[in-house]
Amino acid sequence: MKPTFISEIAHHLDKRTIVRGWVYNKRFSGKIGFLQIRDGTGFIQGVVVQKDIPEAMWELANKITLESSAIIEGTVTKHPRNDVYELQVSNIKLVQMAEEYPIGKKEHGPDFLLDNRHLWLRSSKQWAIQRIRNTIINATYEHLNSTGFIKIDSPILTPAACEGTTTLFELEYFDLGKAYLSQSGQLYIEAAIMSHGRVFDFGPVFRAEKSKTRRHLTEFWMMDAEAAFVEHDENLKIQENLVSFIVESVLKKNQAELKILERDIKPLEKIKAPFYRMTHAEAVAKLHKLGSDIKEDDDLGGDDETLIMQDLDKPLFVEKYPAKVKAFYMKRDPANPELALCADLLAPEGFGEIIGGSQREDDYNVLLNRIKEHNLPVKAFDWYLDLRKYGSVPHSGFGYGLERLTGWICGTPHIRETIPFPRLINRLYP
Ligand code: 4AD
Ligand code: MG
């Protein structure tokens, strides 16, 4: 008999089938027992009745430990009351009897769970988060591919900074001196748009940030998108369409997971383009009214981001930050050169920044001066400056943090739960 995935079990109603997985819970009362089985695709209850199976198998079912692996045969039935599928177990083949499982029913602290991340990943909420993360990744490819973007990979080992020198991880690189782990593939995909028009990358990036907040990891996954002949306003439209599509995909494909996470889906159902827009100056004025002491030319802090979103039911683009708090490559606003043609996209429900983006400086001399003003090594940026010599065009792009996006959609405040193996300033294990 061919094994079945639990997600496909409905097609086997009233038939005998085989499920291969792990026992994640069990309960016995008298002559009947219930094994909760998971196989990665879903969950099902196996019903074991003493009189229906050989004595040795009944004993095995009684002593099987949590997280033991097994191949379980039975007939698929539908529970008369709640429409849930069950397996009337006729055979249990043990694959491995698990040792006493360290993650139990009692509450564990975050440090214990993170030390056991390799096992914690099996817990139903962690399972649900990774499934939703997977949908977000696929929806991104699907939407961008269908709107003219191709995926192109950027390097991880780089000769210079992209996002400011204070958060660079550096290493010795043979005879060439220092190399740095990429903070964002943006600069490289700017080169690629001159070949392909619209491109995106998707991969791990690194920030040696000393921040110990619920929104910061030292290694996380970024999707950078970049498009030729796209200016500031169109850049925002591309972002809001992408984010709307991603949320819609999760709502379509992950209802079971959202339920496991006890995620209120009403706020997600409202996520439809267009999103709100506000300039940085307007944001500062609103924040002052709400009691923040942010200064006119400050970047928004995490608390400001939470505060400004408290009465908004859709994401907000905060546009045109003071150029001096933003990266060297951003184009200035022709109407006010003190401001950058940029926007951060803030998610509602207190989640804060999920995307950073801007129009890029496309003039050779202006960009050269910016690089010098920021004390960056001009030599390492020769290639990037070249892009402004050979058919320079107006262009824009943005990057999302996959863990921030997943955290918001899952309703998981601390993003360390949204990446399989989080890297934090005080955590490198497992
Ligand atoms: O705002 P950031 O720094 O922008 C860039 O890196 C641009 N080069 C992107 C681009 O225009 N192509 O980072 C982009 C996003 C942030 O909005 C946030 O979601 C996420 O990356 N992010 C982090 N996520 C987790 N941990 C950190 N330390 C993060 N830093 C940024
Ligand atoms: Mg940012």
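Residues numbered from 1 in each chain as written. Chains lettered and ligands numbered in written order. Predicted model: local features only at pLDDT ≥ 70, side-chain atom pairs only at ≥ 80, totals over all residues. Heavy atoms only, no water.

Asks: Could you give an account of the sheet that holds strand β8 (residues 170–172), naming the residues involved and the relevant values?
Replies: Note on sheets: strands pair through backbone hydrogen bonds, and any given pair is parallel or antiparallel. Taken in spatial order, the three strands make up an open sheet running β7-β9-β8, and their pairing is antiparallel. Single-partner strands in this sheet number two, and they are β7 (157–158) and β8. Examined bridge by bridge, β8 and strand β9 (residues 178–181) share three bridges and lie antiparallel to one another. In the sheet register, L171 faces β9, and the bridge partner there is A179. (Pairing = 2+ DSSP bridges. Helix = DSSP H or I, 4+ residues; strand = E, 2+ residues; numbered from the N terminus.)

Asks: Please give an account of the pairing of strand β5 (residues 85–96) that cites residues and values.
Replies: Taken together, the three bridges between strand β3 (residues 43–49) and β5 define a ladder with parallel strand orientation. The residue bridging V47 from the neighbouring strand is Q88, located in β5. Two elements, strand β4 (residues 69–78) and β5, share ten bridges in a ladder whose sense is antiparallel. Paired with I71 across the bridge in β5 is K93.

Asks: So, the packing of helix α4 (residues 124–146) against helix α13 (residues 402–410): which residues are in play, and what are the values?
Replies: Here α4 crosses α13 at 120°, and the two axes come no closer than 10 Å. Classified by the angle between their axes, α4 and α13 sit oblique to one another. Crossing of α4 against α13: the hand is right-handed. Across from I129, I132, R133, I136 and I137 in α4, the residues of α13 making contact are L402, E403, L405, T406, I409 and C410. Along the lines of polarity and charge, the residues of the contact of α4 with α13 split into eight nonpolar, one polar and two charged. (Axes fitted to C-alpha atoms, helices over the stretch in contact; angles between N-to-C directions. Parallel < 35°, antiparallel > 145°, perpendicular 65-115°, else oblique. Left-handed = near helix turned anticlockwise from the far one by under 90°. Contact = heavy atoms within 4.5 Å. Nonpolar A, V, L, I, M, F, W, Y, C, P; charged D, E, K, R; others polar.)

Asks: How would you sum up the nonpolar core? Please name residues and give values.
Replies: Formed by 41 residues in total, the largest nonpolar core has its most connected members in I136, M223, Y400, W408 and I409. Broken down by secondary-structure element, the contributors of at least two residues to this core are α4, β10 (198–206), β11 (219–228), α6 (232–253), β16 (342–347), β17 (352–359), β18 (395–401) and α13. It is α6 that contributes the most residues to this core, eight residues altogether. What Y400 contacts, discounting residues up to four positions off in sequence, is I136, T140, F202, W221, M222, M223, L242, I246, I354, I355 and L405. Grouped together as the second largest cluster of nonpolar side chains are 32 residues, M309, V318, F328 and A340 included. (Core = buried A, V, L, I, M, F, W, Y, C linked by side-chain atoms within 4.5 Å. Buried < 20%, exposed > 50% of the residue type's maximum accessible area, 1.4 Å probe, protein only.)

Asks: Outline the site of ligand 1, listing residues and values.
Replies: Around ligand 1 sit 23 residues in total, of which E163, Q186, D224, E353 and I354 are the nearest. G356 has a polar backbone atom sitting 3.3 Å from an oxygen atom of ligand 1. In this structure, G401 approaches ligand 1 through a main-chain N or O atom, which is 3.2 Å from an oxygen atom. In isolation ligand 1 offers 620 Å² of accessible surface; the protein chains occlude 94% of this area. Of all the secondary structure elements, the ones that give two or more residues to the shell around ligand 1 are β11, β17 and β18. Here the residues of the shell around ligand 1 sort into eight nonpolar, seven polar and eight charged. (Near = heavy atom within 4 Å. Polar contact = N/O pair within 3.5 Å; in protein donor to acceptor, adjacent residues only side chain to side chain. Areas by Shrake-Rupley, 256 points an atom, 1.4 Å probe, with all protein chains shown as cover.)

Asks: Kindly report on helix α9 (residues 280–289), identifying the contributing residues and their values.
Replies: An α-helical turn contains 3.6 residues, so a residue and the one three or four places further along point in the same direction. Those residues of α9 that sit buried are H280, A283, V284, K286 and L287. Mapping the buried residues of α9 onto a view down its axis gives an arc of 165°, with all of them on the same face. Exposed side of α9, more than 90 degrees from the buried face: A281 and K289 are the residues found there. Looking at the buried positions of α9, the neighbouring elements they touch are β12 (276–279), α10 (302–309) and β13 (316–319). G291, located one to two residues past α9, shows a positive phi value of around 100°. (Arc of directions from axis to C-beta.)

Asks: So what's going on with the domain arrangement of the protein chain? Which residues, and what values?
Replies: The domain architecture assigned to the protein chain consists of domain 1 (6–96) and domain 2 (117–417). Each of domain 1 and domain 2 has a C-alpha centre, and these two points are 45 Å apart. Listed by partner, the interface residues are seven residues for domain 1 and five residues for domain 2. Carbon and sulfur atoms supply 55% of the area buried between domain 1 and domain 2, which totals about 450 Å² over both sides. The tally of links between domain 1 and domain 2 comes to one salt bridge. For the side of domain 1 that touches domain 2, the residue count by class is two nonpolar, three polar and two charged. (Domains from an automatic or database assignment. Buried area = accessible area lost by both parts, 1.4 Å probe. Salt bridge = Lys/Arg side-chain N within 4 Å of Asp/Glu carboxyl O.)

Asks: Describe the pattern of salt bridges, naming the residues involved and giving the relevant values.
Replies: Considering all chains together, one arrives at 28 salt bridges under this definition. The partner of R133 in a salt bridge is E403, with the nearest N and O atoms 2.8 Å apart. Here the residue R133 occupies a position in helix α4, and E403 occupies one in helix α13, the gap between them amounting to 270 residues. E403 sits in the buried class, given a relative accessible area of 1%.

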